[in-house]
Amino acid sequence: MTLAHDTTGDGPALVLLHSAVCDRRMWDPQWQALADAGYRLLRCDFRGFGQTPLPDHRHNDAEDVLDLLDTLGIEQATLIASSYGGQVALELAARQPDRVSAMALLCSGLPGHQPTDELRAFGEREDELLEAGDVEGAVELNVDTWLGPDADESVRAKVRGMQRQAFDIQLAAPDGAGRNKVDFDLAAIKSPGLTVSGGHDLPDFQHIATQLPSLLPHTRHLELPWAGHLPNLERPTAVTALLTGFLHETVPAH
């Protein structure tokens with residue numbers, strides 16, 4: 001099955017990978033601007049998000065993205081990823097390092113990360129709400145947790161809609177659905193990278209962003225003091241400029 005996806009533009013390939021709170025629509029604010037900067041863009045919905053259903057068997061998101069790249073004839077790409085999408089990007093880059101030109105990771109997850117009490121409490125509360133059938137409450141919990149103070153009501157409504165759609169798909173998951181975990185070594189990654197953290201994000205993601213440069217020697221860290229967990233939605237213009245600057249340094253458009 002091919003992941004639901006969009007493409008636009010010409011030039012070096014960029015793959016935009018979404019957060020587990022959102023789907024590929026989270027990149028709407030950056031979509032046209034990055035294409036106008038001279039790049040070929042691809043964004044996709046992971047299984048269980050947006051327009052991609054869950055199968056009745058286990059799957060691996062990094063392998064799904066690699067299959068999509070093969071289908072579209074993209075041999076090498078830069079990965080721009082948010083949160084859980086960052087975890088997928090790290091796996092893809094570690095397993096197929098020659099296929100990744102560079103990585104920009106916004107508030108990224110990290111395989112094997114041990115959650116803090118704060119993140120664990122969020123997960124437990126989300127589970128309680130979903131088990132009680134309070135899907136709307138679980139949606140609001142996510143909106144309140146993951147968006148920083150600069151997110152206006154239109155952004156909150158956008159995230160609310162994406163999270164609700166994901167819950168609707170995932171709560172109706174067929175038997176056998178789930179993710180396969182694969183072992184890989186981050187030391188295999190050789191592409192230049194940027195990790196971004198938000199000053200209003202949970203400490204887990206602040207710690208991951210500061211830790212990654214010690215694991216990935218060609219990676220640097222930048223903190224956005226104003227940001228929550230989804231900075232590209234909270235201050236779209238600022239993050240678009242940040243990403244464009246990083247791309248011009250690492251994979252300049254022809």
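Please refer to the structure placed before this passage.
The rules behind these values
- Residues numbered from 1 in each chain as written.
- Predicted model: local features only at pLDDT ≥ 70, side-chain atom pairs only at ≥ 80, totals over all residues.
- Heavy atoms only, no water.
- Helix = DSSP H or I, 4+ residues; strand = E, 2+ residues; numbered from the N terminus.
- Rg over C-alpha atoms; globule rule 2.2 N^0.38 Å.
- Buried < 20%, exposed > 50% of the residue type's maximum accessible area, 1.4 Å probe, protein only.
- Contact = heavy atoms within 4.5 Å.
- Areas by Shrake-Rupley, 256 points an atom, 1.4 Å probe, with all protein chains shown as cover.
- Lys, Arg positive; Asp, Glu negative; His and termini not counted.
- Charge placed at Lys NZ, Arg CZ, Asp CG, Glu CD.
- Disulfide = S-S within 2.5 Å.
- Axes fitted to C-alpha atoms, helices over the stretch in contact; angles between N-to-C directions.
- Parallel < 35°, antiparallel > 145°, perpendicular 65-115°, else oblique.
- Left-handed = near helix turned anticlockwise from the far one by under 90°.
- Nonpolar A, V, L, I, M, F, W, Y, C, P; charged D, E, K, R; others polar.
- Core = buried A, V, L, I, M, F, W, Y, C linked by side-chain atoms within 4.5 Å.

A. Looking closely at the overall build of the protein. Helix and strand counts for the protein come out as 9 helices and 9 strands. The C-alpha radius of gyration computed for the protein amounts to 17 Å, which stays within 12% of the reference 18 Å derived for 254 residues, consistent with globular compactness. The buried share among the 254 residues of the protein stands at 52%. Counting only contacts in the protein whose residues sit at least 6 apart along the sequence, the fraction spanning at least 24 positions is 77%. Accessible area for the protein stands at about 10800 Å²; split by element, carbon and sulfur atoms hold 48% of it. Taken together, the 19 basic and 38 acidic charged side chains of the protein have centroids lying 3 Å from each other.

B. Representation of the state of the cysteines. Under the criterion given, the structure shown has 0 disulfides. Cys44 carries a free sulfur, and the closest cysteine sulfur to it, the one in Cys22, is 14 Å from it.

C. Representation of the packing of helix H2 (residues 61–72) against helix H3 (residues 84–95). Relative to each other, H2 and H3 sit at 70°, their axes nearing to 9 Å. Judged by the inter-axis angle, H2 sits roughly perpendicular to H3. For the pair H2 and H3, the sense of crossing is right-handed. When H2 is examined against H3, the residues Asp61, Ala62, Glu63, Val65 and Leu66 are found in contact with a partner set consisting of Tyr84, Val88, Glu91, Leu92 and Arg95. Looking at side-chain class alone, the contact of H2 with H3 contains 6 nonpolar, no polar and 4 charged residues.

D. Region of the structure containing the nonpolar core. Leu17, Val65, Ile80, Leu90, Met103 and Val159 are the most contacted members of the largest nonpolar core, which has 80 residues in total. Considering every element that reaches this core, the biggest residue donor is H3, with 7 residues. Contact partners of Val65, with chain neighbours within four places excluded, come to Leu3, Val15, Leu17, Cys44, Phe46, Val88 and Leu92.

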